[in-house]
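The residues making up each chain are set out below.
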2 protein chains.
Amino acid sequence: MDWFVVSVVVSLLSFATAAWLYLWVSKQNPGTKKTQEIGALIREGANVFLAREYRLLAYFVLVVAALILLFLPQPIWHGEPKRNLLMAAAYIAGSVFSGFAGKIGMNIATIANSRTATAATESMENSFMIGFRGGAVMGMAVVGASLLGVTGITMLTGDVALTLGFSFGASSLALFAKAGGGIFTKTADIAADLVGKVELGIPEDDPRNPAVIADNVGDNVGDVAGMGADLFDSHVASLSAALVLAVVLDRGIGKFTQMVFCYAASGLLSSIIGVLVARISKGADPTAALNKLTYITTAVFVGITAIATAVFGFSWHYWAAAMLGLGVGVIIGIATDYFTNDLRKPVQQVASASQSGPAFTMISGMSYGFLSVFPALIGIAVSALGAFVITNGVDPTSITDALFGISMAAVGMLSIVGMIISNDAYGPIVDNARGLVEMADLGDEALEITDALDSAGNTVKAITKGFAISAAGLTVIALLGAFLSEANEVLLAKGMELIQGFDIMNPLVFFGLIVGSAVPAVFSAMLMLGVNRNAERMVAEIHRQFEEIPGLKGGHAKPDYARCIDIATTGALRELIPAGLMAILVTLVVGFIGGVTAIGGFLAGNIVSGLLLALFMSNSGGLWDNAKKYVEAGNLGGKGSVAHKAAVVGDTVGDPFKDTAGPSINTQITVVSLVSSLTAGLFILFSIF
Amino acid sequence: MDWFVVSVVVSLLSFATAAWLYLWVSKQNPGTKKTQEIGALIREGANVFLAREYRLLAYFVLVVAALILLFLPQPIWHGEPKRNLLMAAAYIAGSVFSGFAGKIGMNIATIANSRTATAATESMENSFMIGFRGGAVMGMAVVGASLLGVTGITMLTGDVALTLGFSFGASSLALFAKAGGGIFTKTADIAADLVGKVELGIPEDDPRNPAVIADNVGDNVGDVAGMGADLFDSHVASLSAALVLAVVLDRGIGKFTQMVFCYAASGLLSSIIGVLVARISKGADPTAALNKLTYITTAVFVGITAIATAVFGFSWHYWAAAMLGLGVGVIIGIATDYFTNDLRKPVQQVASASQSGPAFTMISGMSYGFLSVFPALIGIAVSALGAFVITNGVDPTSITDALFGISMAAVGMLSIVGMIISNDAYGPIVDNARGLVEMADLGDEALEITDALDSAGNTVKAITKGFAISAAGLTVIALLGAFLSEANEVLLAKGMELIQGFDIMNPLVFFGLIVGSAVPAVFSAMLMLGVNRNAERMVAEIHRQFEEIPGLKGGHAKPDYARCIDIATTGALRELIPAGLMAILVTLVVGFIGGVTAIGGFLAGNIVSGLLLALFMSNSGGLWDNAKKYVEAGNLGGKGSVAHKAAVVGDTVGDPFKDTAGPSINTQITVVSLVSSLTAGLFILFSIF
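Residues numbered from 1 in each chain as written. Chains lettered and ligands numbered in written order. Predicted model: local features only at pLDDT ≥ 70, side-chain atom pairs only at ≥ 80, totals over all residues. Heavy atoms only, no water.

A. Region of interest: the overall build of chain A. Check the secondary structure of chain A and you find 17 helices and zero strands. For a compact globule of 689 residues, the expected C-alpha radius of gyration is about 26 Å, and chain A comes in at 24 Å, within 12% of that figure. Projected onto the principal axes, the alpha-carbon positions of chain A cover approximately 75 × 50 × 45 Å. A total of 689 residues make up chain A; the buried ones form 69% of that total. Counting only contacts in chain A whose residues sit at least 6 apart along the sequence, the fraction spanning at least 24 positions is 83%. Accessible surface, chain A as shown: approximately 20,100 Å² in total, 64% of it carbon and sulfur. Separation of charge centres in chain A, based on 38 positive and 50 negative side chains, amounts to 3 Å. (Helix = DSSP H or I, 4+ residues; strand = E, 2+ residues; numbered from the N terminus. Rg over C-alpha atoms; globule rule 2.2 N^0.38 Å. Buried < 20%, exposed > 50% of the residue type's maximum accessible area, 1.4 Å probe, protein only. Contact = heavy atoms within 4.5 Å. Areas by Shrake-Rupley, 256 points an atom, 1.4 Å probe, with all protein chains shown as cover. Lys, Arg positive; Asp, Glu negative; His and termini not counted. Charge placed at Lys NZ, Arg CZ, Asp CG, Glu CD.)

Printed below as a string of structure tokens:
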């Protein structure tokens, strides 16, 4: 069985599914004129942001591609110019493929939102299906493009190191999409809430608020395009890391390499099946419906890979490692749910503490946020160790076996990512639909339905976010193995002594470890300060509009929505560049001081502190969000009570935590890991120690 | 030159200095009857807490000592029973010595507070001197006891591994004193502020507030006794780690061992000189006066050790390493000051962001908190690497040389700890004095003077806290070396293969690394939730008193202060036990699963994430405190403004950050490191992998 061909076929199948879903969604009722008008405003705003982001990204990608051409994998005057050229091309392809998938996802999301809103005036079931299928387009497009890219490069060149370049391209895009989109969305959200809800006491999504369209645009650019780019990035990185290790075991392209493609194709196929069987019965709970799809997909994947392993004689050890990763991913999702679900103790305790004022919302929320890292980190640690134990029997003398086992655990965890993205993109679509129902006056019944759909989206989002961070965690551990392997390839070629590992007691490693641990903290601080600065600019603009546009407060005039979108866009892009450059520059400084030895420690420190902070921020942010919703549902005095005011403060703090800084850390870790793998050769040539 | 004898002599000299200062402070005017009465209430409250804490601690110490007797350094049926007995005795001695020093420090602090307050009615200079000399008693007692204990054990037994037991005893006490005291002080502080300032609008330190005495007691038990125990712990641990490595280099007691004592004695002598020359001229700035003392002490230490190195032929490499540590400590202090000083951008920006409400106080404060870890972590990383580079020339084949260099950097950083403690303990004394001036109506002029003294205390405290955390960081790195050395001693005795280091690519190490990184997060969350729960209990009690005691609001009746102290005490001790046990149990679980290999990773992960979180929490807490003070000084609308209300929320969140969780993480790291070193033999015998 040629798994390359299978992978290509499954990729094309996922594109076909995406196309079919796209057409199906487009054919639904676009709704009243007003709905369509507002929908168009959101679509235009999203497109403006995406166009600007992609233009800026294009400059960035060209500069980096030029640097790759000159220096990577080795300086062009030392190595083979053709390989540098291919690497640069792979890098560009990575960003283009991911950008393309993101663009499709955004388009359909901004088509699906008004249709979901319109359908909500008739039935919950249809509304749900439009929201879900809209999200599934993104899921299918992203994973299809990712798998096609990785397979294409491997088939055409046989050089899996090039997939690291592809992965780096995807990471560059993710950095812009996730961090930039994250700043955009929270700028708009915070500014809209601050002036609208807090100062003027007008409802969320009130059309008089100049920031309201920007807020809805933000859901699309941050939560749809950004999230898609983030998971594209993780998926590619997991495959790339596994492939780099597989070819070492195979001594070329062989059975292990084929196995990676078999698992990736099986995962995508399972997701396609999961997407296609999606149904919701009358009156069913949408959260349960979404979770059921995840379980179906998981079960199909387990079945397919078991059959493939039996039929094609792959190793059961690695199958078990992949299943372990997948299982731990599901467990981490459940643990995340515990800390962010309003039926559970943490959310209720934080809501209750809010009765004593916002300081207690903060202290208790952060405390539960810190507690929540425990199950996830233990899960990651156990799956890494478990994969090692399971696969170490294969060849006890080789650490590469075990590292490959860990990378297969990451591949397993990320196998169902097509379904994860579908569920995740559903969230912002129904969130947008809810806004449209309100802005276009589609009635209370539709509002109730979209509220229920939105709430399911939030719950599922918290789970998938925990899943995504954990998957990224396991992936970067595998990338650490890929880095070692790349470094040794260079050392071998130069006839130098190979690196066996990174000893913590080696002060260069320890130096890297400490510096690496500081980077995610600084990176997230820079992003959050960026949101703060940007939100301040936007608040000033909203104030200006309310003062200068006569009749706006009374609803007799239209606000200048475009100006707010413009501020969010410009500010987001301006704020994200320094943070991204900081992470890359510190990596290069550590590498040129301490060489690959220090970088080994640096990556480990970066992973450890990055996972810790990402989980802390995402979970506490989700928790605050739901604590606010819990109070708004009428508990502890409901809207307007002391507890509510305090819970709103928590939610506002949580916003940049969970939607800007937390998930961007993922990308930061991957970027740094890939930069390290790619520049390993340079560090070996030019480092001080 | 016998440096053992010198150390003992210098220790006794510091006790003599402490005794002289104690008498001097006691002879000062104790003030009006009312001042004395309130002073007595605080003293009694503090003594009640300390008595209960020490009683509970005594049970804990006895249980642990019994376990040590049975199992450490090796199971009593495997090894030498006499050594187990000595280890248990050293452990008990460590906790008793530290407890004794803490008790003296608390006594004098509660004597000095009323005298400082009384002196403030006459002159700032005398008031300052009483506050400083009161604090210096603690500094002299702590460092004298620490050095005497370590020297005594080494002189009498020649077995430096026993100093690890002594250090563990000190850590056990620090865990209770720092974490328990931290919970106590913040319980009282938060509850007093919440009901007093926020609900009733009565000033801080208003005698009608039932929690006001508990609040002042808290300053003593948390900031005096707790801080003293914390630095006792760090100082002993730095010496212990250096000694364990020194005897490996010396192959017994020799020149390197002597050098450690030479540096420790020189540091204490420098601090004694610094304390004795302390003066403040009329109208001088108290902050500058305190900082000047630190610089004098540093200069004297540099001079003495340079002379000693030249005269007695110690290695200049290690001298340079110690100086590097000391220099980096000072630089980290300055960097901390930047992030917490209200003349600098971070505090002013956070205050300015507060104008948009508490959510922005939180986001910006946490962001700067995350940024603030960068200079400190870089400083620690550079001093560790620098010490390695400087000392690696000594013997390029031995890593022990380099690790000893790092431990000497830690010894250097902690050398002036006598002065650091003196400056630090000054803070709560003048803080208490400020409260007494208010409660005993000593007049506006005295209030102004104590306000100025208090403000200097806060500034210096932020610097010394950054210094203390960094010193602890370097110490635990050295302890990692000590752990390796202890593990190898056991392996050597059993004829097993020695451990060369801890390779990050080894999945057992990685497993430990990830789990270790989660522990400080969970530990601090447990403490903060403990503060929350305890503060809730206390708020309920204050409400009850205001309802049930007739005339309390009007000031015609006295509140039941003792009941509040009781709640804070019981709750603090109840909340700290689970957190401490969690840290120790996780260590044991990891050790019995993955053996010493996993523990190596575990300690590194624990250090990395512990330093990150401790610095983040301490610095953001200090920043919020000063942002509030900045607004209260009349900026951005002053007291009662929107910015002020928001800044108060920040300060309330910052309180458990900077005074409970942040500094307790230090102790948690040290405890875990020492538990690991002591149980290394057990892990080797009984681990699964």
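B. Expanded view of the relation of the copies chain B and chain A. Between chain B and chain A, which share one sequence, the superposing operator has a rotation angle of 180 degrees and an axial displacement of 0.0 Å; the RMSD is 0.0 Å. The transformation relating the two chain copies, once decomposed into turn and shift, fits a two-fold axis. When C-alpha distances to the rotation axis are compared across chain B, the minimum falls at Asp503 of chain B, with a value of 2.1 Å. When you check the interface residues of chain B against chain A, 100% turn up at the interface there too, and the contact is symmetric in its surfaces. (Least-squares fit on C-alpha atoms with pLDDT ≥ 70 in both.)

C. Structural detail: the interface of chain B and chain A. At the interface, 74 residues of chain B touch 75 residues of chain A. Contact with chain A buries surface across chain B, with Ile363, Phe370 and Met505 of chain B losing the most and accounting together for 11% of the total. The interface formed by chain B and chain A includes zero salt bridges. On inspection of chain B and its partner chain A, the count reaches four residue pairs in polar contact (both at pLDDT 80 or more). (Buried area = accessible area lost by both parts, 1.4 Å probe. Salt bridge = Lys/Arg side-chain N within 4 Å of Asp/Glu carboxyl O. Polar contact = N/O pair within 3.5 Å; in protein donor to acceptor, adjacent residues only side chain to side chain.)

D. Broad picture of the packing of aromatic side chains. According to the stated counting rule, one finds 44 aromatic pairs over all chains in the structure shown. Taking the centre distance of 5.6 Å and the plane angle of 55 degrees together, the rings of Phe128 of chain B and Tyr426 of chain B count as tilted. Pair noted here: Phe128 of chain B is in helix H4 (residues 124-157) and Tyr426 of chain B is in helix H13 (residues 417-439), with a separation of 298 residues, a long-range link. A residue is classified by how much of its surface remains accessible, and Phe128 of chain B, at 1% relative accessible area, is buried. Taken together through their ring pairs, the aromatic side chains of Phe370, Phe616, Trp624 and Phe657 of chain A make up a single cluster. Across the ring face of Trp24 of chain A, the terminal group of Arg133 of chain A is positioned such that the distance to the ring centre comes to 4.6 Å. (Phe/Tyr/Trp six-rings, centres within 6.5 Å; stacked < 30°, edge-to-face > 60°. Lys NZ or Arg CZ within 6 Å of the ring centre and 35° of its normal.)

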